[in-house]
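Survey of secondary and tertiary structure
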Amino acid sequence: MTVEEFKLPDVGEGVAEGELVSWLVAPGDRVEEDQPVAEVETDKALVEVPSSYDGVVEELFAEEGEMVPVGDVIISFRVDEDGEAAAGDDAEAEPEPEPDSPDESASEPTTEAADAEPDTPAGRTFAPPSARRLARELGVDVAAVDGSAPGGRVSEADVRAHAEGDAGSAPEESADAGTEPRPAPTPTDVGSGERTSAVSKRGDDDSAVSASTTPADGPEPAGRETTLATPATRKAARERGVDLDDVPTDETRDGEAFVTAEAVNAYADALESAESTPEPEPVDVDAGGAAAATVGRPSDDGADAPAATADGDETVPYRGVRRTIGKQMERSKYTAPHVTHHDTAEVDALVEAREKLKPTAEAEGVKLTYMPFVMKAIVAGLKEYPYLNSELREDDEEIVLKGAYNLGIAVATDAGLMVPVVEDVDEKGLFELADAVNDLASRARERKLKPAEMKGGTFSITNFGAIGGEYATPIINYPETAILGLGAIEERPVVRDHADVASEFLDDSDDSTVVPAPTLPLSLSIDHRVVDGAVAAEFANTVMEHLENPLLLLNE
């Protein structure tokens, strides 16, 4: 029986890890090549990961909600036919009657020891990615580790035990060479992130501290190295100040200890009950871990929830697309000195031109918005003021004036702001631009954009007016040097010359008057290292000129 491991592929350029959002298959399911087996959210998009094999799902190595590095094994498949697998099973069962021949039975352990492989199908070693990483860090051959979990699966604890065994025998061998043996690794809270624990793990160097943090009548901490749990259970453990690795449990999943939220609450309640008896001298563990587990938490048995959640607070993971947006915004804001220029275009003629073109666009199956007109006006401005279509390369001490006009359109999605790019805007017509923008925006909201469709922008547009508002201070999509924000097109008071207004109620003696007219507020943010304020104002004037006189767009 052949079992093939499948690693998380690089689902996008520059992606280092992804969150396994959901499994689309389960152990025992038959899959075909290219069939999606999981949904993974990267820092760019939500993508489906297809299988590379025809076969049956053997094992899942990652939990839903877990962050998985690219290149780690996430799933394995049995790719042989059922008949071959059965034959393989029979072959493995053949040695059973051999106890009658002592010589042969004595020789079998020698053969297995020489192979240095756990008794797994096809000589494989079953181990989760975390155990394999730990083995590499400790210089341990994972194939030589005896797995204690069902099916011979190797856990992190097995790897550490193997490493400690090697370290224990090293002093005699290395004494003559005058080198110190590799110290046995100290148990650490692997994979727990920023969680703190109310107790120390067994095996800490400072045994006195470990003993003092567990009340005499309290529950015995399990002291595991690896624990499986759902994201909701991990959240409950953080809120109760409990280390999942210390929660006792008899449940297992995939050969590893599995802890439920009920077990976490029961363990936390037991700790609280024991802690209600004063200890002689409490010791601060892990720079405040014990305190974090007790301070502000009620001691009565009926309070399962910590005080921190009494106000209804909720924690949301900061990762994936949201984390990428945050890093990009931080990088831009603290790298490029922003200046925002505000102005307002009077767009009577633009509104009229769009109304005249809408029937023609609808006949061609195109939804015509104001965005294509704005994009064409921006290209006119960029051609005249190319520094707003540039990139500053500080390391090379140069400013690159881009020859392409690729405009990014900010789209609000459930996962956060995405900026798909419309390429070569100067070469497309209004209807073509409208179709491209509608398609990209729709797929962005459905999380179906390809990573390449969000790269290569030279200037960005954000249309916050579609939701509401007039002016803002948009953050530049670094390393671009400018971004234009659009307010809502609405009728606002404007001053017009008397000759331009036809009304019998106007006084002929007045040179001007105030009338309602559709206007478009503009907010232009620039990188002041590259673009001067005067240039920004002139660029805005050019954009407004083309919006107020849409016939000029025919030249673009």
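Note: the structure precedes this text.
Attention in this report is confined to the structure presented alongside it. Quantities reported herein were computed from a predicted structural model and do not represent experimental measurements.

Regarding the overall build of the protein chain
Looking only at helices and strands, the protein chain features 13 helices and 21 strands. Counting every position in the protein chain, which comprises 556 residues, the buried fraction comes to 42%. Partitioning the intrachain contacts of the protein chain with sequence separation of at least 6 by distance along the chain shows that 64% fall at a separation of at least 24. Surface accessibility of the protein chain: about 28900 Å² in total, with carbon and sulfur atoms responsible for 48%.

Let's talk about the packing of helix α11 (residues 371-384) against helix α12 (residues 430-445)
A pair of packed helices can be characterised by two numbers: the angle between their axes and the separation between those axes. One way to put it is that α11 packs onto α12 with a least axis distance of 8 Å and a crossing angle of 115°. Taken together, the axes of α11 and α12 are roughly perpendicular relative to one another. In this structure, α11 meets α12 at a crossing whose hand is right-handed. Seen from α11, the contacting residues are M371, P372, F373, M375 and K376; seen from α12, they are L430, L433, A434 and V437. Its residues assigned to classes, the contact of α11 with α12 shows eight nonpolar, no polar and one charged.

Quick notes on the packing of aromatic side chains
Under the counting rule described, the total for this entry stands at three aromatic pairs. With 5.8 Å between their ring centres and 50° between their planes, Y53 and F77 make a pair best called tilted. Residue Y53 is found in the loop between β5 (46-50) and β6 (55-60), and its partner F77 is found in strand β8 (residues 73-78); the two are separated by 24 residues along the sequence. Looking at Y53, the relative accessible area reads 23%, which means it is partly exposed. Of the residues examined, F77 reaches a relative accessible area of 0% and is grouped as buried. Ring centres 5.8 Å apart and planes at 45° place the aromatic pair F459 and F539 in the tilted group. Of this pair, F459 sits in strand β18 (residues 459-462) while F539 sits in helix α13 (residues 533-548), placing them 80 residues apart in sequence. No difference in accessibility class separates F459 from F539, as the two residues are buried. An aromatic cluster is defined as three or more aromatic residues linked by ring pairs; in this entry it consists of F6, Y53 and F77. We note R354 situated over the ring of Y370; from NZ or CZ to the ring centre the distance is 4.4 Å.

Focus on the environment of P69
Inspection of the secondary structure puts P69 in strand β7 (residues 67-69). P69 gets classed as partly exposed once you look at its relative accessible area, which sits at 28%.

So, the nonpolar core
In terms of nonpolar packing, the biggest core is built from 52 residues, with M375, L388 and F459 touching the most fellow members. The element contributing the most residues to this core is α11, with eight residues. If you look at the next biggest cluster of nonpolar residues, it comprises 18 residues, including V47, V49, I74 and F77.

A look at the packing of α11 against α13
For the pair α11 and α13, interaxial distance at closest approach is 8 Å and the crossing angle is 140°. By the angle between their directions, the pair α11 and α13 is classed as oblique. Seen from above, α11 lies across α13 with right-handed handedness. Contacts between α11 and α13 involve F373, V374, A377, I378, A380, G381, L382 and E384 from the first element and F539, T542, V543, H546 and L547 from the second. Here the residues of the contact of α11 with α13 sort into nine nonpolar, three polar and one charged.

Examining the environment of R447
As for its position among the elements, R447 is in the loop between α12 and β18. For the pair R447 and L46, spaced 401 residues apart in the sequence, the C-alpha separation amounts to 5.7 Å. At 2.9 Å, the side chain of R447 forms a polar contact with the side chain of E41.

Some remarks on the pattern of salt bridges
For the coordinates displayed, the defined rule picks out 18 salt bridges. When the shortest N-O distance is used, the salt bridge between E391 and K402 registers 3.3 Å. Here E391 is found in strand β12 (residues 390-393), whereas its partner K402 is found in the loop between β13 (398-401) and β14 (407-409), with eleven residues between them in sequence. On the basis of relative accessibility, which here comes to 17%, the residue E391 falls in the buried class. Judged by its relative accessible area of 25%, K402 falls in the partly exposed class. Across the salt bridge formed by R393 and E398, the nearest N and O atoms sit 3.8 Å from each other.

Parameters and conventions
Residues numbered from 1 in each chain as written. Predicted model: local features only at pLDDT ≥ 70, side-chain atom pairs only at ≥ 80, totals over all residues. Heavy atoms only, no water. Helix = DSSP H or I, 4+ residues; strand = E, 2+ residues; numbered from the N terminus. Buried < 20%, exposed > 50% of the residue type's maximum accessible area, 1.4 Å probe, protein only. Contact = heavy atoms within 4.5 Å. Areas by Shrake-Rupley, 256 points an atom, 1.4 Å probe, with all protein chains shown as cover. Axes fitted to C-alpha atoms, helices over the stretch in contact; angles between N-to-C directions. Parallel < 35°, antiparallel > 145°, perpendicular 65-115°, else oblique. Left-handed = near helix turned anticlockwise from the far one by under 90°. Nonpolar A, V, L, I, M, F, W, Y, C, P; charged D, E, K, R; others polar. Phe/Tyr/Trp six-rings, centres within 6.5 Å; stacked < 30°, edge-to-face > 60°. Lys NZ or Arg CZ within 6 Å of the ring centre and 35° of its normal. Core = buried A, V, L, I, M, F, W, Y, C linked by side-chain atoms within 4.5 Å. Polar contact = N/O pair within 3.5 Å; in protein donor to acceptor, adjacent residues only side chain to side chain. Salt bridge = Lys/Arg side-chain N within 4 Å of Asp/Glu carboxyl O.

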